[in-house]
Amino acid sequence: MERSDGVWKMEKERDKVVVLDFGGQYSHLIVRRCRELGVYAELLPYDYPADELREGIERERGHGKICGIIFSGSPFSVLDDNAPKCASDVLDFGVPVLGICYGAQLIAHLNGGRVRRGEKKEFGSADFFFKKEERLFRGISDDGEQIGKTRVWMSHEDVIEDLGGNGEVIGWTENTPVAAFRIGSNYGVQFHPEVHHTERGKDMLRNFLEICGCERNWRIDEDFVSERVYEIRSVVGSDGKAVCALSGGVDSFTTAVLLHRAIGDRLTCIFIDNGLLRDGEREEVLESLRNTGMKYVFVDASQRFLDALRGVRDAEEKRRIIGKIFIDVFEEEARKIGADFLAQGTIYPDRIESARAGASGGRASRIKSHHNVGALPERLRMKLIEPLRDLYKDEVRKLAKTVGIPDKILRRHPFPGPGLAARIIGEVNAEKLRICRAASAIVEEELRKSGWYERVWQAFAVVGDDMATGVLGDARKEGRIVIVRVVSSEEAMTADFVRLPYEILEKMSRRITNEVEGVTWVAYAISSKPPSTIEPC
């Protein structure tokens, strides 16, 4: 356990694979895939100190040993003057290295090879031919031929012309003569094995992890729970008190249950009504809290939040305001309790999008500030505990199920920390709040009726300032445009819009325009993440 930036990190020193992030859009997906395969992986910036990597590699098994390194993709070219590059001796540290796309080109470059601009760009699906005897491709093709074939996902403009010393080509496509290679125990693939579009990509990653000799010991189970509980108890001590920022979602509830198991009644949950909750959410959260037996304090600060948001249109400014008031209220309540620690349900995507994950050496831009990570004062009066800070959403759900979180909470769609303010474009006012809350309730209700609610990741309504003319009765009337957003995802890092049946969309539209005063048009958002985000603000 160590403290960084005021945060007590809850993580056991497991043997692992590290992914050096060169700014690629799929960097965190590589980490996810390794974890899915049972191997703990973490993301580090590309310029992470080489001596610290070496120290991790030299550790004994079972003490946080680094067993392998993966170079991510990147929007840069190795030919760029400002291209992100790690120290060349990383390739000689004695553990296998796998380079993906840009990472493969970088390995060739660091090995003395040549990378050049390609005559033909290669984006999308491609037939990939490979040498079947290579360990990286073991089991990928079962026929009797020496050369195997599968479909992979390409996304590159540069090509590798020369691998440098001791390099061997082990895979190619029609347009890319060097689509996979091996240099000693280091490998490079020009495609992206971490994405679903590469048919056998997960098998290739599994093979690489076996080449690294990784122990498959990453599981979200009772042992994991016991570790977290022990660590929390060790940090808080025998007489420390903690408050937990509880929103009612699966992240904060799981955090609260872990804290309660660790320190019992020395935990007090604080539930704040910020005036930006979903329809009926206040009553549901209070009922759930009463059923857990945990101590809690309820604070109705709705007017305080809404007053502070009056006239504010900028999305980031709204988030900052909400985050600051959250912290202010928590500190006020914590002083009454005499708490030493503040526990939050911050998860990995929160930190990534707030550019706090430190995974790209400053090359990552802030996508959005999250209220629980973007507004913490530099001198927080309480020590911060985030036991879920390195977990993805699907891992949190597994953990929640393990600790017995009720299905009603477990299956509930994610809800942003800033609440409905994240779904209101422009100024938050009473009319837009009423419309957003009522329309979102209709969207969720129709999904439940049709059996689609648990088949999607998130569903809600968005309201902005755009107006459109409608016809109500025999009269023309101007009203708000409501945008319905329904997405599928696994970990919230990427998302796609859901192809809902037209009859469900029609029912949503008809009910919203008929039942929600002031709405004349309903639209459906069909943008995926990236380039969009899930929430509009």
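Residues numbered from 1 in each chain as written. Predicted model: local features only at pLDDT ≥ 70, side-chain atom pairs only at ≥ 80, totals over all residues. Heavy atoms only, no water.

### A closer look at the packing of helix α6 (residues 250-263) against helix α11 (residues 393-402)
What counts is decided by this rule: Interaxial angles span 0 to 180 degrees and are taken between N-to-C directions of axes, which are lines fitted to C-alpha atoms, for helices over the stretch in contact. The numbering of helices and of strands both runs from the N terminus, where a helix is a DSSP run of H or I of at least 4 residues and a strand a run of E of at least 2. Here roughly perpendicular refers to angles of 65 to 115 degrees, roughly parallel to angles under 35, roughly antiparallel to angles over 145, and oblique to all remaining angles. In this scheme, a crossing is called left-handed if the near helix is turned counterclockwise away from the far one by less than a right angle; it is called right-handed if the turn is clockwise. When checking whether two residues touch, look at their non-hydrogen atoms; a contact exists if any pair is within 4.5 Å. By the convention adopted, Pro, Cys, Tyr, Trp, Phe, Met, Ile, Leu, Val and Ala count as nonpolar, Lys, Arg, Asp and Glu as charged, and the other residues, Gly among them, as polar.
Orientation of α6 relative to α11, taken along the N-to-C sense of each, is 45°, at an axis distance of 10 Å. One way to sum up the angle between α6 and α11 is to call them oblique. Judged by the sense of rotation from one axis to the other, the crossing of α6 with α11 is left-handed. For the pair formed by α6 and α11, the contact residues are Val250, Asp251, Thr254, Leu258 and Arg261 on the first element and Lys393, Val396, Arg397, Leu399, Ala400 and Thr402 on the second. For the contact of α6 with α11, the per-class residue count stands at five nonpolar, two polar and four charged.

### Re the packing of aromatic side chains
Basically, it comes down to this: Centre distance within 6.5 Å is the pairing criterion for rings of Phe, Tyr and Trp, where only the six-membered ring of Trp is used; planes under 30 degrees apart are then read as stacked, over 60 as edge-to-face, and the remainder as tilted. Type-normalised accessible area, obtained with a 1.4 Å probe on protein chains alone, sets the label of each residue: buried when under 20%, exposed when over 50%, and partly exposed for intermediate values. When the NZ atom of lysine or the CZ atom of arginine is within 6 Å of a ring's centre and also within 35 degrees of its normal, the charge is said to sit over that ring.
Inspection of every chain in the model, using the stated rule, returns 12 aromatic pairs. Taking 5.5 Å as the distance between ring centres and 65° as the angle between the ring planes, the aromatic pair formed by Phe128 and Phe137 counts as edge-to-face. The same class applies to Phe128 as to Phe137, namely buried. Within the aromatic cluster, the residues linked to one another by ring pairs are Phe22, Tyr46, Phe71 and Tyr102. Taking NZ or CZ as reference, Arg397 lies 5.6 Å from the ring centre of Trp457, over its face.

### Concerning α11
For α11, a buried count of seven out of 10 residues is recorded, marking the element as mostly surrounded by other parts of the structure. Among all positions in α11, only Lys393, Asp394, Glu395, Val396, Arg397, Leu399 and Ala400 are buried. Its buried side turned inward, α11 meets α1 (27-36), α5 (222-236), α6 and α12 (407-410). In the segment just after α11, Gly404 is the residue with positive phi, at about 85°.

### What about helix α8 (residues 302-309)?
What counts here: This arc is taken over the directions from the axis of the helix to the C-beta atoms.
Of the residues making up α8, those classed as buried are Ser302, Phe305 and Leu309. Projected down its long axis, α8 carries its buried residues within an arc of 70°, all on one side. Looking at the buried residues of α8, the elements they touch are β13 (267-273), β14 (296-300) and α9 (315-337). The first or second residue beyond α8 is Gly311, which carries a positive phi of 85°.

### As for the environment of Ala523
On the secondary structure map, Ala523 appears in strand β20 (residues 519-524). On the basis of relative accessibility, which here comes to 34%, the residue Ala523 falls in the partly exposed class. Residues Ala523 and Ser509 lie 14 residues apart in sequence; the distance between their C-alpha atoms is 8.1 Å. Dropping the residues within four chain positions of it, Ala523 is found in contact with Val482, Ile483 and Val484.

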